[in-house]
Amino acid sequence: MPDPLLRSLADAARAVTAAETDRDVLNIIAAAARDVIGARGGVARRGSNGAPPGPRLVAPLMARDGSSLGLLELWDKDGEFTRNDEAIVIQLAQMAANAIETLELLTRERAARVQAEETGRRLLREKQRAEALHRVGQAIAGRLELHEIVQLATDAARELTPAQFGAFFYNVISDAGEAYMLYTLSGVDRSAFERFPMPRNTDIFSPTFTGEGIVRLDDVLEDSRYGHSAPYHGMPEGHLPVRSYLAVPVITSDGEVAGGLFFGHPEPGMFSAEDEHMVAGIAAQSAIAIENARLYQERTRTAQTLQRALLPPHLPEIDGLELAATYRAAGEGNEVGGDFYDVFLQGDGSYAVVVGDVCGKGPQAAAVTALARYTLRAHAIAGLRPSYQLARLNDAMLRQQAPGFVTAALARVELTEAGAQIELTTAGHPHPILARADGSAEPIGDVGTPLGIIERPELPEITATLGPGDLLVFYTDGVSEADAPRRILSEHDLAALVAEKAAEGPRAVVEHLERTAVENADGHPRDDIACLALRVAPPKRVSERFAATPEAAHDLADALAPIQPELGERTAMDLRLLATELVANAVRHTGVEAGTVEVEVRIAPRTVHLSVIDDGPGFDVPERPIVTPDGPGGWGLYLVDQCAARWGIERAGRHRVWLELARDHD
């Protein structure tokens, strides 16, 4: 083969190798064949037709598997086609076939690589979304407050989709069983929606609020359902612009529509099927979390209702005694605790004072607590000694096979002219603390056997005499062991705590004990805390009842005048001011025809205790500290809050506002 021919074939081979498409390959091969063979006509093609009639030289383009890829045809040559021409055409045809197969392979590989990359990206997006949905689900599942759940769900869905803003409208059931709708927002300030009414079941909103399905619109303004509902016939004036719209109902396991997630964007076409799937996943997780939150809230309400039923609604008013108690349940308050306290009148005119601790929590503990309280009250008619009463409770527990055991401290308090006589028995319970008026404090009582374990428990009994100002404190181990095992307060530690506040009265003491326990446990006590304190009250220095008329303030001034020299000028002025304000409030708000207002004042070494009692309906304790009133009303309680060392409101038959003033000893 001459050198020019070889060069032409080599050029064709290089050109074919560099070709990017099969059309380029065919054109290069056809041109090379015409040039080398000397034919004026020639074509390479994938099909079988195209050459004019007449003599021609044809070579198939054969794939490696024997299939045909096309033809190389030549015609219109001076002279006949030779065997040498045939060999050259066959070689060029094979060159074209190889190049075409290589291009097809590269195309398939490229397509496979693109598909694999797209699949990888899609799987990565799905993995990222699944991980994000999992994180959101974990975060939502970890919440038990309904508002936290819906806020987290709204924020997460907005952040994981192109939404510019979002809202979660959800249904709430009040403690009274009434249903109402609330909402939370994300991506926009609440002020943007405050002046608009709650959404109604319009054609666009209805599928979400009825649970029919998801609504995803590329352009809400172009939807046939938009703009037909009065009174706005579209979005209210001033509403955020919404073109892209996505709404997903939140449906609980029983089919209830708990609410709906709504998202918007001012540009059209922003939400994809993947976004819809993501929000639907968040809605499903929100529905589960909402059900759990409702169950938790219902359990908490039930536990708190039962707990209230196991504690006295209020302590009795006993002339000659001051009483105060605190109770704090451990944990979240969704389980009934085993601590209890009670004060009640007995058949012989004495009073029983008891604080106990039932082993365990929940319904079983509640049942044993009820058994303990009502067994002790049932035996009160006989006025038995404390050891006998606890023995009867032990018998009842064994007879009814009550689970666990009970520890208790029970005192029989008999008021005397000099103060009070105490008979005290403890059954495996922490010893009460006796604080004397002289400032000393110590635990009293002997160790006894917990109840409900053996038939004949050891129940030693002691006696003590209390004079004016003496104070006796009962408590449960939730006070001493709040920070166990890191730190356990001994009885002498507790005696020191009681001594710190004893001069300020029972309420100051029980609040101090509870506060100390909570602080020791870093705000999360491990056990329930119950405290009860009684003090032999100083005699009433003022005890007057007035008609609930405007003249009551003048009568009050006359009643307070005799004790002013004893109090000192400053304390006397504060007492008169606050007493006048409380009496005026009582007269103004009693709302009872021919009602009366009663004023009591007791003077202790360090404090003055004032009580104002009326026949009115009373009022709830406002949030403290009380802010400065804006108008003419509200100044009475504001002054009380500013001047009194402590104060409170109680209702035990009549409405009572009390306060304590620190005495001025300058």
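Note that this is a predicted model, so its numbers are computed, not measured.

### Observations concerning the pairing of strand E23 (residues 654–662)
- Burial within E23 is extensive, with eight of its nine residues counted as buried.
- Both strand E21 (residues 607–614) and E23 contribute to a ladder of eight bridges, which runs antiparallel. What sits directly across from Val612, in E23, is Val657.

### Examining the side chain of Thr154
- Among the secondary structure elements, Thr154 is positioned in helix H4 (residues 146–159).
- Given a relative accessible area of 0%, Thr154 falls into the buried group.
- When residues no more than four places from it in sequence are discounted, the contact partners of Thr154 are Gly166, Ala167, Phe168, Thr184, Leu185, Ser186, Leu261 and Phe263.

### Some remarks on the packing of aromatic side chains
- Tallying each qualifying case throughout the model produces six aromatic pairs.
- When the centroid spacing of 6.0 Å and the interplanar angle of 85 degrees are considered together, the rings of Phe168 and Tyr170 count as edge-to-face.
- Ring centres of Trp635 and Tyr638 lie 5.5 Å apart, and the angle between their planes is 90 degrees; on these two criteria the pair is classed as edge-to-face. Residue Trp635 and its partner Tyr638 are both found in helix H16 (residues 635–643); the two are separated by three residues, about one turn of the helix.
- An aromatic cluster of at least three residues, connected via ring pairs, comprises Phe169, Phe205, Phe209 and Phe262.
- Its end group placed over the ring of Tyr374, Arg373 keeps NZ or CZ at 5.4 Å from the ring centre.

### So, the sheet that holds strand E2 (residues 56–62)
- Strand order in the open sheet made by the three strands is E1-E3-E2, with antiparallel pairing throughout. The open sheet has two free edges, formed respectively by strand E1 (39–45) and E2, since each of these has just one partner strand. Averaged over all pairs of adjacent strands, the angle between strand axes in this sheet comes to 15 degrees, irrespective of strand direction.
- On the sheet, helix H2 (residues 22–37) packs against E1, E2 and strand E3 (68–77) and is oriented at approximately 155 degrees with respect to E1.

### Observations regarding the packing of helix H8 (residues 362–378) against helix H9 (residues 386–399)
- Here H8 crosses H9 at 140 degrees, and the two axes come no closer than 9 Å. Relative to H9, H8 is oriented oblique. The interaxial crossing formed by H8 with H9 has right-handed handedness. Contacts between H8 and H9 involve Val368, Leu371, Ala372, Thr375 and Leu376 from the first element and Gln389, Leu390, Arg392, Leu393, Ala396 and Met397 from the second.
- Taken together, the residues of the contact of H8 with H9 break down into eight nonpolar, two polar and one charged.

### Overview of the sheet that holds strand E12 (residues 406–415)
- Pairing in this open sheet of five strands is antiparallel, and the strands run E10-E11-E12-E13-E16 from one edge to the other. Strands with a single pairing partner mark the edges of an open sheet, and in this sheet they are strand E10 (339–345) and strand E16 (461–466). Neighbour-to-neighbour, the strand axes of this sheet turn through a mean angle of 15 degrees, independent of strand direction.
- Of the strands in this sheet, E10, strand E11 (351–358) and E12 are in contact with H8, which crosses E10 at around 20 degrees.
- Along the sheet face, H9 touches E12, strand E13 (420–427) and E16 and points at about 145 degrees away from the line of E12.

### Topic: the packing of helix H15 (residues 569–589) against H16
- Contact geometry of H15 with H16 gives a least axis separation of 9 Å together with a crossing angle of 150 degrees. For H15 against H16, the interelement crossing comes out left-handed. Residue-level inspection shows Leu577, Leu578, Glu581, Leu582 and Asn585 of H15 in contact with H16, the latter providing Gly636, Leu637, Leu639, Val640 and Cys643.
- Class assignment of the residues belonging to the contact of H15 with H16 gives a composition of seven nonpolar, two polar and one charged.

### A few points about the side chain of Ser480
- Within the fold, Ser480 resides in helix H10 (residues 477–480).
- When its relative accessible area of 8% is taken as the criterion, Ser480 is described as buried.
- Setting aside anything within four residues of it in sequence, one finds Ser480 in contact with Arg487, Ile488, Leu489 and Leu494.

### A look at unusual backbone geometry
- In this structure, Asp76 takes a positive phi of about 60 degrees despite not being glycine.
- As for its position among the elements, Asp76 is in strand E3.
- Unusually for a residue other than glycine, Asp522 sits at a positive phi of about 55 degrees.
- Here Asp522 lies in the loop between helix H12 (506–520) and strand E18 (529–536).

### Focus: the pattern of salt bridges
- Following the criterion strictly, the structure yields 31 salt bridges and no others.
- Linked through salt bridges whose partners overlap, the residues forming this network are Asp319, Lys540, Glu600 and Arg602.

### A short note on the pairing of E13
- Most of E13 is tucked away, with seven of its eight residues classed as buried.
- Turn length for the E12-E13 hairpin, with the two strands adjacent in sequence and antiparallel, is four residues, and the turn residue Gly419 shows positive phi of about 155 degrees.
- With six bridges connecting them, E13 and E16 associate as antiparallel partners. Note on E16: the bridge partner recorded for Gln421 is Thr465.

### Considerations on a nonpolar patch on the surface
- On the surface, Phe405, Ile453 and Ile454 cluster together into a nonpolar patch covering about 250 Å² of accessible area.
- Along the polypeptide, Ile453 turns up in the loop between strand E15 (441–443) and E16.
- On the basis of relative accessibility, which here comes to 48%, the residue Ile453 falls in the partly exposed class.

### Regarding a negative patch on the surface
- There is a patch of like negative charges on the surface, built from Glu544, Glu551, Asp555 and Asp558.
- Assignment of secondary structure puts Asp558 in helix H13 (residues 552–560).

### Quick look at the nonpolar core
- Grouped together as the largest cluster of nonpolar side chains are 51 residues, with contacts concentrated most on Val413, Leu466, Phe474 and Leu534.
- Setting aside its immediate chain neighbours within four residues, Val413 contacts Leu321, Ser350, Tyr351, Val353, Ala420, Gln421, Ile422 and Leu534.
- In terms of nonpolar packing, the next biggest core, distinct from the first, is built from 34 residues, Leu578, Ala579, Val612 and Ile626 among them.

### Here we look at H4
- In this model, H4 (14 residues) spans 20 Å end to end at C-alpha, consistent with the 20 Å of a helix rising 1.5 Å per residue.
- Within H4, the full set of buried residues consists of Leu146, Ile149, Val150, Leu152, Ala153, Thr154, Ala156 and Ala157.

### Here we look at the environment of Val627
- Inspection of the secondary structure assignment puts Val627 in the loop between E21 and H16.
- Classification of Val627 as exposed rests on a relative accessible area of 65%.
- It is 41 Å that separates the C-alpha atoms of Val627 and Leu466, two residues lying 161 residues apart in sequence.

### Regarding H12
- For H12, built from 15 residues, the straight-helix expectation of 21 Å at 1.5 Å per residue is met to within 8% by its first-to-last C-alpha distance of 21 Å.
- Counting buried residues in H12 gives 12 out of 15 residues, a clear majority hidden from the surface.
- Within the sequence span of H12, burial applies to Pro506, Arg507, Ala508, Val509, Val510, His512, Leu513, Glu514, Thr516, Ala517, Val518 and Asn520.
- Phi turns positive one or two residues past the end of H12, at Asp522, with a value near 55 degrees.

Reading guide: rules and limits
- Here the residue index of a chain counts from 1 through its sequence in written order.
- Note on the predicted model: pLDDT of at least 70 is required for a residue's local features to be given, and 80 or more for side-chain atom pairs to be given and counted; whole-chain, interface and lining totals, by contrast, use all residues.
- Hydrogens are left out, water is left out, and the side-chain values use all remaining heavy atoms of the structure.
- Only protein chains enter the accessibility calculation, which uses a 1.4 Å probe; a residue is then buried when its area is under 20% of its type maximum, exposed when over 50%, and partly exposed in between.
- The secondary structure listing takes helices from DSSP runs of H or I that are at least 4 residues long and strands from runs of E that are at least 2 residues long, numbered from the N terminus.
- Note on pairing: two strands pair once DSSP finds at least 2 bridges between them.
- Only heavy atoms enter the contact rule, under which two residues are in contact if any of them lie within 4.5 Å.
- Ring pairs shown here join Phe, Tyr and Trp side chains whose ring centres sit within 6.5 Å, with only the six-membered ring taken for Trp; geometry is labelled stacked below 30 degrees between planes, edge-to-face above 60, and tilted in between.
- Placement of a positive charge over a ring is assigned whenever Lys NZ or Arg CZ falls within 6 Å of the ring centre and within 35 degrees of the normal to the ring plane.
- Lines fitted to C-alpha atoms define the axes, with helix axes restricted to the stretch in contact, and inter-axis angles between N-to-C directions lie between 0 and 180 degrees.
- Any angle between 65 and 115 degrees counts as roughly perpendicular, while under 35 counts as roughly parallel, over 145 as roughly antiparallel, and the rest as oblique.
- We call a crossing left-handed when the near helix sits turned anticlockwise from the far one by less than a right angle, and right-handed when that turn is clockwise.
- Each residue receives one of three labels: charged for Asp, Glu, Lys and Arg, nonpolar for Ala, Val, Leu, Ile, Met, Phe, Trp, Tyr, Cys and Pro, and polar for the others, Gly being one of them.
- Only one rule defines a salt bridge in this text: a Lys or Arg side-chain nitrogen within 4 Å of an Asp or Glu carboxyl oxygen.
- Patches here are clusters of residues that have more than 30% relative accessible area and form no salt bridge, with a 9 Å joining cutoff for like charges and a 5 Å cutoff for nonpolar side chains (Val, Leu, Ile, Met, Phe, Trp, Tyr).
- To measure how exposed things are, a 1.4 Å probe is used in the Shrake-Rupley method; for residues, cover is taken only from the protein chains shown.
- Charge assignment: positive for Lys and Arg, negative for Asp and Glu; neither His nor the chain ends contribute.
- Throughout, a charge is located at the NZ atom of Lys, the CZ atom of Arg, the CG atom of Asp or the CD atom of Glu.
- Side-chain atoms within 4.5 Å are what join buried Ala, Val, Leu, Ile, Met, Phe, Trp, Tyr and Cys residues into a set we call a nonpolar core.
- A helix is expected to span 1.5 Å for every residue after the first.

Note that all results are geometric; they support no functional claim without further evidence.
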